[in-house]
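Examination of the molecular architecture
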Amino acid sequence: MRSGESSVTALGSADVHVWLLEAPEAASDARAELCAALLSADERARMGRFHFAGDRRRYLFAHALVRTTLSRYAPGTPPARWRFRTNAHGRPELPPEDGGPPLRFNLSHTDGLVACAVALDRDVGVDVEHLWPATFDLGLARHHFAPAEVAGLEALPPEARRARFFALWTLKEAYIKARGLGLALPLERFAFDLEGPAICVRFDPELGDEPERWHFARLQPTAVHALALAARRVPGETLRVRHWPPPSDFPGIDS
């Protein structure tokens, strides 16, 4: 265990922890085998259906990270023993009858980075994206974003649009993942305003949601990645977001 890591796993009721693993595609085959041993048969079968090796590696290390991370908060359950279910929209969750702490988690992976967010008894969503391509086309934003977000992007100088696009995209993805609805929740029906010091959001009344019920955070964990987090809160509640590299007992990491 790394120095101070015992305090990391003291997950308070107002805490959200984000664990990050860089460059899963570059990991050794020996390390991949250690991670594969933690996965269930269903997970290994799903991993095998990915066509590209990089996608298989990211899936493998992402799911090993989830299992290892959850065992940090519930040490009585070894990483290979975790069992998951999916909701109607495919979000993985812990079954309520597992008898452990009320852990909630969410997972995201992209080229070169995996992220796992964990909280106690609250909805949480995380999204990570690689900041590519170098050239940027507003077509995707015009198709998926709210009109106010598109107008804000168009008003920026061209060299600033890509960073703003990924800031908005990761926030939107984190929110719909926290809601557990995926793309069944229309991205154009809620809009983020990033002009001020705080992250502000407006919801279409038909969504039945209120900005005060959500905490949003943005990180740039590497020079080429953007990350956003969404966590449900009681109005007025202050949440604390912290992030670390993988737990020291993640396969292939020296303690």
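Residues numbered from 1 in each chain as written. Predicted model: local features only at pLDDT ≥ 70, side-chain atom pairs only at ≥ 80, totals over all residues. Heavy atoms only, no water.

1. Quick word on the sheet that holds strand β6 (residues 124–130)
Selection criterion: Think of it this way: DSSP has to see at least two bridges between two strands before they count as a pair. By definition, any uninterrupted DSSP run of H or I lasting at least four residues is a helix, any uninterrupted run of E lasting at least two residues is a strand, and each is numbered from the N terminus. To obtain each axis, a line is fitted to C-alpha atoms, and for helices this fit is confined to the stretch in contact; angles are then taken between N-to-C directions over 0 to 180 degrees. A contact between two residues is defined here by any heavy atoms of the two lying within 4.5 Å.
Strand order in the open sheet made by the 3 strands is β6-β10-β9, with antiparallel pairing throughout. Each edge of the open sheet carries a strand with a single partner, namely β6 and β9 (214–222). Across the sheet, the axes of successive neighbouring strands diverge by a mean angle of 15 degrees, strand direction being ignored. In terms of strand pairing, β6 meets strand β10 (residues 225–232) through 7 bridges, oriented antiparallel. Bridge pairing in β10 links Asp127 to Ala228. With respect to the sheet, helix α7 (residues 158–179) is in contact with β6, β9 and β10, its orientation differing from that of β6 by roughly 150 degrees.

2. Describing the layout of surface pockets
Definition in use: Only protein atoms enter the 1 Å grid, on which a cavity is a set of points fitting a 1.4 Å probe that cannot get out and a pocket is an open set with protein on both sides within 12 Å along at least 5 of 7 lines, lining residues being those with an atom within 4 Å of a point. Grid points are joined across faces, edges and corners, and a volume is the space filled by probe spheres set on the points. Residue polarity is assigned by list, with Asp, Glu, Lys and Arg as charged and Ala, Val, Leu, Ile, Met, Phe, Trp, Tyr, Cys and Pro as nonpolar; anything else, Gly included, falls into the polar class.
Roughly 1100 Å³ of volume is contained in the largest pocket. Taken together, 40 residues make up the lining of the largest pocket; nearest its centre are Arg46, Gly90, Pro92, Leu107 and His109. Counting residues per element, the ones that place at least two in the lining of the largest pocket are α3 (41–48), α4 (53–73), β2 (85–86), β4 (103–110), β6 and α7. No other element matches β4, which puts 6 residues into the lining of the largest pocket. Its residues assigned to classes, the lining of the largest pocket shows 15 nonpolar, 12 polar and 13 charged. Of the volumes computed, that of the second largest pocket is approximately 190 Å³. Taken together, 14 residues form the lining of the second largest pocket, with Glu93, Leu94, Pro102, Leu103 and Arg104 sitting closest to its centre. Element by element, the count of residues in the lining of the second largest pocket is highest for β4, at 3 residues. Of the residues belonging to the lining of the second largest pocket, the class tally is 8 nonpolar, no polar and 6 charged.

3. Quick word on the nonpolar core
This is how the line gets drawn: By nonpolar core we mean a set of buried residues, namely Ala, Val, Leu, Ile, Met, Phe, Trp, Tyr and Cys, connected to one another through side-chain atoms within 4.5 Å. Per-residue accessibility, obtained with a 1.4 Å probe over protein chains only, is compared with the maximum for each type, and a residue is labelled buried under 20%, exposed over 50%, and partly exposed between these values.
Counting residues in each nonpolar core, the largest one holds 31 residues, and the members touching the most others are Leu60, Phe61, Leu65, Leu70, Leu103, Val118 and Phe250. When residues of this core are traced back to their parent elements, those giving at least two are β1 (15–22), α2 (29–36), α4, β4 and β5 (113–120). Per-element accounting of this core gives the leading share, 9 residues, to α4. Sequence-distant contacts of Phe250, defined by excluding residues within four places in its chain, comprise Leu21, Arg31, Cys35, Phe61, Ala64, Leu65 and Thr68.

4. Examining the packing of aromatic side chains
Definition in use: Planes of paired rings set the category: under 30 degrees apart is stacked, over 60 is edge-to-face and the rest tilted, where pairs are Phe, Tyr or Trp rings (Trp by its six-membered ring) whose centres lie within 6.5 Å. We call a charge positioned over a ring when the NZ of a Lys or the CZ of an Arg lies within 6 Å of the ring centre and within 35 degrees of the ring normal.
Applying the stated rule across the entire model yields 17 aromatic pairs. Centroid distance Phe192 to Phe216: 4.9 Å. Interplanar angle 90 degrees. Geometry classified as edge-to-face. Remark: Phe216 occurs in strand β9 and Phe192 occurs in strand β7 (residues 190–193); sequence separation between them is 24 residues. Here the guanidinium or amino end of Lys172 rests over the ring plane of Phe190, the centre of that ring lying 4.2 Å away.

5. Quick word on the environment of Ala117
Checked against the element boundaries, Ala117 lands in strand β5. Using a relative accessible area of 0% as the deciding quantity, one classes Ala117 as buried. Taking C-alpha positions, Ala117 is 14 Å from Ala64, a pair spaced 53 residues apart along the chain. For Ala117, the residues in contact, after removing those within four places along its chain, are His17, Val18, Arg104, Phe105, Asn106, Val124, Val126 and Leu229.

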